[in-house]
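Structural features, examined
If you want the building blocks of each chain, they are given just below.
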Amino acid sequence: MTAGIKETAHTVDAATVMSLLPARPRLLALGEPTHGADALLDLRNELFRQLVEREGYRTIAIESDCLMGLVVDDYVTSGTGALDEVMERGFSHGWGAFAGNRELVRWMRAYNEGRPGSERLRFAGFDGPLEITGAASPRPALTALHAYLTAWADADLLPCTADTLDRLLGADDRWTNPAAMMDPAQSAGRTPEAKRLRLLADDLVALLDAQPPQLIAASSREDWDRARLYGRTATGLLRYHFWMADTSPGRMAWLLGVRDSMMAANLLAVAERGPTLVNAHNSHLQRTKSSMRLGGLPLQWWSAGAIVGAHLGDGYAFLATALGTFGDHGVDAPPADTVEGLLYALPQDRYVVDARRLATVLGDTPPAARVSPWYGYAPLDPAQVASTDGIVFVKDAVSGRRRTPRGALR
């Protein structure tokens, strides 16, 4: 079996990746089994650069807040702002602190320097404004959508005034209360004001969708696309808050599903403007259902990758990343009878595997599932090998704690 597995492993580069696919996908996703590992960020940057330069990809989408990502996009396309500020304000989840992400943004800006607008590389965050402890207020997205429609739509058709939205939204800390994640009674998501806001948000999005010829001509397609993002985000956040206030057994599955459906909607929208590279956790990008246990209960929901794949078919491709060791978190050499153990036995430090050929080599009985001693690393599910287009394997990794000093450009 070792000889057969060795024949599936190849150098990690753009040409090898594209050879695994029937055609250039509109969305090419590179997953990761943990966040923030230096080796994974460096490999992502190297591979994405090659795919941009050799295969014509024009957007890079990251698992980060979609509204905050606008700050990064403005910087890489037009130089708006300073890099230090962009890294602080343009990423959620603390991702802006990692040197690998800073280097990606710095390179994207350098790549765009002097290029015409049609050839510039774009950035997108595709996660909702969500954190583990809760969700953002819908105010920024909802008021930005209303402001756009006030400026460009038929005034008589607006369903409410800005003052009405402000009154219904109330104080932002009503929405961002972290206690609501564990106690539905603390959530503002099912108050009379929140229910009214859901109806108004729906009407605002309907007005946006009903007048694209007028709106695009009066503003621009770019402004209209941004307003669509505001609309998706506002309705998604209000839906998320609604389910935070729920007390049924389906509450957490709803929350997890709403997040990935928001991710999928953002990815599909980004894909409309051209070939896009995507980076996120494997669990968000896989073609199958995601799952986890919370409080002893099993939860399942459709991942963003599964949703996007259903829409795009061969227009979506997914490379999963697997690790051998993650030493500073106690993830030591994998057992020899796991997928990671079989790949770890090969001599290269990193390589990309033809996943479908590997599945054939492994046969009908999948290897044992690896068990991680650390919650932050998710081993590869051996049952999902055949559903990926490739596996990028990195033998050893450390946490991404390298930070570039403020004010320094690497």
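What counts and how
- Residues numbered from 1 in each chain as written.
- Predicted model: local features only at pLDDT ≥ 70, side-chain atom pairs only at ≥ 80, totals over all residues.
- Heavy atoms only, no water.
- pLDDT = per-residue confidence, 0-100.
- Contact = heavy atoms within 4.5 Å.
- Core = buried A, V, L, I, M, F, W, Y, C linked by side-chain atoms within 4.5 Å.
- Buried < 20%, exposed > 50% of the residue type's maximum accessible area, 1.4 Å probe, protein only.
- Helix = DSSP H or I, 4+ residues; strand = E, 2+ residues; numbered from the N terminus.
- Pairing = 2+ DSSP bridges.
- Axes fitted to C-alpha atoms, helices over the stretch in contact; angles between N-to-C directions.
- 1 Å grid on protein atoms, 1.4 Å probe; cavity = no way out; pocket = protein on both sides within 12 Å on 5 of 7 lines; lining within 4 Å.
- Points joined across faces, edges and corners; volume = space filled by probe spheres on them.
- Nonpolar A, V, L, I, M, F, W, Y, C, P; charged D, E, K, R; others polar.
- Parallel < 35°, antiparallel > 145°, perpendicular 65-115°, else oblique.

Topic: the confidence of the model for the protein
For the protein, per-residue confidence averages 94 on the pLDDT scale, and 97% of positions sit at 70 or higher. In this model residues 402-410 is a low-confidence stretch, pLDDT under 50, and it forms 22 contacts with partners more than four residues away in sequence or in other chains.

Overview of the nonpolar core
Leu-28, Leu-51, Val-52, Ile-60, Val-105, Met-108 and Leu-277 are the most contacted members of the largest nonpolar core, which has 48 residues in total. Per-element tally for this core: the top contributor is helix 3 (residues 38-55), with 7 residues. Excluding residues within four positions of it along the chain, Val-52 makes contact with Tyr-57, Arg-58, Ile-60, Trp-107, Tyr-111, Leu-121 and Leu-277. Listed in part, the 35 residues of the second largest apolar core include Ala-61, Ala-271, Ala-320 and Leu-358.

Digging into the sheet that holds strand 11 (residues 350-353)
Taken in spatial order, the 8 strands make up an open sheet running 1-11-12-10-2-7-3-4, and their pairing is mixed. Each of the sheet's edge strands pairs with one partner strand only, and the pair in question is strand 1 (9-10) and strand 4 (122-127). Relative to strand 4, strand 3 (residues 59-65) is paired through 5 bridges, and the arrangement is parallel. Bridged to Ala-61 within strand 4 is Ala-124. Docked against the sheet, helix 6 (residues 99-112) engages strand 3 and strand 4, running at close to 145 degrees with respect to strand 3.

Here we look at empty space enclosed by the protein
Enumeration over the complete set of coordinates arrives at 2 cavities of 30 Å³ or more. Size it by volume and the largest cavity reaches roughly 100 Å³. Surrounding the largest cavity, Glu-32, His-35, Gly-36, Leu-41, Arg-44, Ile-62, Glu-63, Trp-95, Phe-98, Asn-101, Asn-279 and Ala-280 form its lining. Of all elements in the fold, only helix 3, strand 3 and strand 7 (276-281) reach the threshold of two or more residues within the lining of the largest cavity. In terms of residue class, the lining of the largest cavity is made up of 5 nonpolar, 4 polar and 3 charged. In this structure, the second largest cavity encloses a volume near 60 Å³. Lining the second largest cavity, in full, are Leu-30, Gly-31, Glu-32, Leu-40, Leu-41, Leu-43, Arg-44, Asn-279, Thr-321 and Val-394. Taken together, the elements giving at least two residues each to the lining of the second largest cavity come down to strand 2 (27-32) and helix 3. Examining the composition of the lining of the second largest cavity, we find that 4 residues originate from one element, helix 3, more than from any other. Looking at the lining of the second largest cavity residue by residue, the classes come out as 5 nonpolar, 3 polar and 2 charged.

With respect to the packing of helix 12 (residues 221-244) against helix 13 (residues 251-271)
For the pair helix 12 and helix 13, the least separation of the axes is 9 Å and the interaxial angle reads 175 degrees. Classified by the interaxial angle, the pair formed by helix 12 and helix 13 is roughly antiparallel. Across from Leu-229, Arg-232, Thr-233, Gly-236, Leu-237, Arg-239, Tyr-240, Trp-243 and Met-244 in helix 12, the residues of helix 13 making contact are Arg-251, Trp-254, Leu-255, Val-258, Met-262, Ala-265, Asn-266 and Ala-269. Of the residues assigned to the contact of helix 12 with helix 13, the class counts are 11 nonpolar, 3 polar and 3 charged.

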